[in-house]
Amino acid sequence: MLKVYSASWCPHCTRTETYLKEKSIPFESIDIETAPKEVVDKVAEINGGQWVVPTLEFNGTWRRGKVFNEAALEADLKKMGAQ
């Protein structure tokens, strides 16, 4: 299942999750601010040393945190095999 590492205050996270819901793509939302340290550390590792949201993971394939862009998100989800 697609995992979305996000924060409640992040507008790009909200838009990403809304997009996934509209496209009926199942996902698990993980709040980076309450996630265990090892999860936060992994998200930071993927993003070059700091945590950036929304970061996505699907079956071991990661998408670094990016601002919301529907076309880019759709293309990345296809590359990841999540769509």
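Up top is the structure.
Residues numbered from 1 in each chain as written. Predicted model: local features only at pLDDT ≥ 70, side-chain atom pairs only at ≥ 80, totals over all residues. Heavy atoms only, no water.

Here we look at the pattern of salt bridges
1) Next: Scanning the model with the defined rule gives five salt bridges in all.
2) Next: Taking the shortest distance from any N to any O, the salt bridge between glutamate 45 and lysine 42 comes out at 3.5 Å. Placement of the pair is glutamate 45 and lysine 42 together in helix α2 (residues 37-46), with a separation of three residues, close to one helical turn.
3) Next: Of the charged contacts in the structure, one is a salt bridge between lysine 78 and glutamate 74, with a shortest N-O distance of 3.4 Å. Of this pair, lysine 78 and glutamate 74 both sit in helix α3 (residues 70-80), four residues apart, roughly one helical turn.
4) Next: For glutamate 74, a relative accessible area of 26% corresponds to the partly exposed category.
5) Next: Among the charged side chains, a salt-bridge network with shared partners connects Arg63, Lys66 and Asp76. (Salt bridge = Lys/Arg side-chain N within 4 Å of Asp/Glu carboxyl O. Helix = DSSP H or I, 4+ residues; strand = E, 2+ residues; numbered from the N terminus. Buried < 20%, exposed > 50% of the residue type's maximum accessible area, 1.4 Å probe, protein only.)

Notes on the nonpolar core
1) Next: Leu2, Val4, Tyr19, Leu20, Leu56, Leu73 and Leu77 are the most contacted members of the largest nonpolar core, which totals 13 residues.
2) Next: Broken down by secondary-structure element, the contributors of at least two residues to this core are β1 (2-6), α1 (11-22), β3 (55-58) and α3.
3) Next: The element that contributes the greatest number of residues to this core is α3, accounting for three residues.
4) Next: If we skip the residues at most four places from it in the chain, leucine 2 touches Leu20, Ile25, Pro26, Phe27, Glu28, Leu56, Glu57, Phe58, Leu77, Met80 and Ala82. (Core = buried A, V, L, I, M, F, W, Y, C linked by side-chain atoms within 4.5 Å. Contact = heavy atoms within 4.5 Å.)

That's the geometry; what it means functionally is another story.
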